[in-house]
Amino acid sequence: MARGSVNDLVAFLAVARERSFTRAAAQLGVSQPALSQTIRDLEARLGLRLLSRTTRSVAPTDAGERLIHSIGPHLDGIEAGLAALTALRDKPAGLVRITAPDHAAETVLWPALARLLPDYPDIAVEVVTEGSLTNIVTERFDAGVRFGEHIERDMVAVRIGPDLRMAVVGTPAYFTGRSRPTHPEDLTAHRCINLRRPTRGGFYPWEFEKAGREINVRVEGQLVFTSLRLIRRAALSGFGLAYLPEDQVLSDVADGRLVRVLDPWCEPFPGYHLYYPSQRQHAPAFAVVVDALRHRQAST
């Protein structure tokens, strides 16, 4: 195939994956009109419409989807192979993209990256924090972070943090005139601060376990957030009970700002894991980052 045709396919993949001519043009370093002309020429050569365009959106047609699935893995493999050549340099280089929840980014990723990156100035890391379960393949991430129990079987999973525990907390003032819950089901009589699932729209259930018995409780209250930080602040302001990672509230409990309840029902569970596709060839920069995160667990 002519070199120009390969470049046209690369351009098509960029537009299809970004769902935007503007973002794809910026990624490829070309003008938007030039990119639009490239796609029109490719469609004319193939005799097929590959992209459906409106004033607000761009999406692949059925033919476009088939082309993505056909050529995408091959071009990705070529890109990864070229990136792997950086192993011939004195130090690995390149961009590593990771998606992770806020709590994982703050408590696990950032401490490891802060130690690693000064020794590798040619490695760039982009961390995208979000609460949804992102598809790292379609969203072009090198890896993601989730709890160990939420990782698909076809992914490589690397443990990067210790077991975690949750804590149910409220202010001393909140408990004035209220009985403290001793069983998860008692929470239905309390005001609780909910955490919303960003993609599914519902609330995260409060999960409890004791001596092998598991209970999930749907709680209600005046406030709902998508941020653990805001849930903690609302709890400290006396708006109700919060269900938060233990490490986020230990100092508040120690100082008496918050009171912990249902502690026997909050057993440890598998902590954060880095996950990535087993089939993908990764650049040396990615291997360095994975290694730094894996060794953090050993020193915890």
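Placed above this text is the structure.
Keep in mind it's a predicted model, so treat the numbers as computed, not measured.

Q: Explain the overall build of the protein chain to me, and be specific about the residues and the numbers.
A: Across its full length, the protein chain carries 8 helices and 14 strands. Residues counted as buried form 40% of the 300 residues belonging to the protein chain. Of all intrachain contacts in the protein chain linking residues separated by at least 6 positions in sequence, the fraction that spans at least 24 positions is 72%. Looking at the protein chain as shown, the accessible area adds up to about 16,600 Å², and 52% of this sits on carbon and sulfur atoms.

Q: Any details on the pairing of strand β3 (residues 94-100)? Residues and values, ideally.
A: Pairing between β3 and strand β4 (residues 123-129): 7 bridges, direction parallel. Bridge pairing in β4 links Leu95 to Ala124. Where the polypeptide runs from β3 across helix α5 (residues 102-116) and back to β4, its parallel neighbour, the crossover connection is right-handed. For β3 and strand β5 (residues 143-147), the ladder comprises 2 bridges, and the chain directions are parallel. The residue of β5 that forms the bridge with Ile98 is Ala143.

Q: Quick one: what's the story with the environment of Ile193, residue by residue and with numbers?
A: By the element assignment, Ile193 lies in the loop between β7 (166-170) and β8 (194-195). Placed 37 residues apart in sequence, Ile193 and Leu230 show a C-alpha to C-alpha distance of 9.7 Å. Those residues in contact with Ile193 that lie beyond four places of it in its chain are Trp206, Leu223, Phe225, Ile231, Ala234, Ala235, Phe239, Gly240, Leu241 and Ala242.

Q: Tell me about the nonpolar core, residues and numbers included.
A: Core analysis: the biggest nonpolar cluster contains 44 residues, and Val145, Ile160, Val168, Leu187, Trp206, Phe208 and Leu274 have the highest contact counts within it. For this core, the element with the most residues is α5, which contributes 7 residues. Excluding residues within four positions of it along the chain, Leu274 makes contact with Ile98, Ala143, Gly144, Val145, Val156, Ala157, Val158, Ile160, Val290 and Leu293. Among the nonpolar cores identified, the runner-up in size contains 20 residues, and Phe12, Ala14, Val58 and Leu75 belong to it.

Q: Lay out the sheet that holds strand β13 (residues 259-261) in plain terms, naming residues and giving numbers.
A: An order of β12-β7-β13 is seen for the 3 strands of this open sheet, with the pairing classed as antiparallel. What marks the edges here is a single partner per strand, and that holds for β12 (242-245) and β13. Between one strand and the next, the sheet's axes are offset by a mean angle of 45°, whatever the strand orientation. Of the strand pairs in this sheet, β7 and β12 are connected by 4 bridges, and their pairing is antiparallel. In the sheet register, Met166 faces β12, and the bridge partner there is Pro245.

Q: So what's going on with the packing of helix α2 (residues 21-28) against helix α3 (residues 32-46)? Residues and values would help.
A: Here α2 crosses α3 at 100°, and the two axes come no closer than 9 Å. Between α2 and α3, the angle falls in the class roughly perpendicular. On α3, the residues touching Phe21, Thr22, Ala24, Ala25 and Leu28 of α2 are Gln32, Leu35, Ser36 and Ile39. Residue classes in the contact of α2 with α3 are distributed as 6 nonpolar, 3 polar and no charged.

Q: Describe the pattern of salt bridges, listing the residues and the values that go with them.
A: All told, the structure shown has 14 salt bridges when counted by the stated rule. Among the ionic pairs, Arg232 bridges to Asp252, the shortest N-O distance being 2.9 Å. Here Arg232 is found in helix α6 (residues 228-236), whereas its partner Asp252 is found in helix α7 (residues 250-254), with 20 residues between them in sequence. Within this structure, Arg165, Glu246, Arg260 and Asp263 form a network of salt bridges that share partners.

Basis of the calculations
For every chain, the first residue of its written sequence is number 1, and the numbers climb from 1 along that sequence. Local features in this predicted model are restricted to residues of pLDDT 70 or higher, and side-chain atom pairs are both shown and tallied only at a pLDDT of 80 or more, whereas totals for entire chains, interfaces and linings draw on every residue. Hydrogen atoms and water are omitted, and side-chain values are computed over all heavy atoms in the structure. Counting from the N terminus, the helices are DSSP H or I runs at least four residues long and the strands are E runs at least two residues long. Using a 1.4 Å probe on the protein chains alone, a residue whose accessible area is under 20% of its type maximum counts as buried, one over 50% counts as exposed, and one in between counts as partly exposed. Any pair of residues with heavy atoms lying within 4.5 Å of one another is described as a contacting pair. The Shrake-Rupley method, run with a 1.4 Å probe, gives the accessible areas here. Residue values count only the displayed protein chains as cover. When DSSP finds two or more bridges between a pair of strands, those strands are recorded as paired. Handedness is read with the strands pointing away from the viewer; a crossover is right-handed when the path from the first strand over the helix to the second is clockwise. Residues belong to one nonpolar core when they are buried, are Ala, Val, Leu, Ile, Met, Phe, Trp, Tyr or Cys, and are joined through side-chain atoms within 4.5 Å. Note on definitions: angles span 0 to 180 degrees between N-to-C directions of axes, and those axes are lines fitted to C-alpha atoms, for helices only across the stretch in contact. Note on angle classes: values under 35 degrees are labelled roughly parallel, values over 145 roughly antiparallel, values of 65 to 115 roughly perpendicular, and the remainder oblique. Polar here means any residue outside two lists: the nonpolar Ala, Val, Leu, Ile, Met, Phe, Trp, Tyr, Cys and Pro, and the charged Asp, Glu, Lys and Arg; Gly therefore counts as polar. Think of a salt bridge as a Lys or Arg side-chain nitrogen and an Asp or Glu carboxyl oxygen that are within 4 Å of each other.

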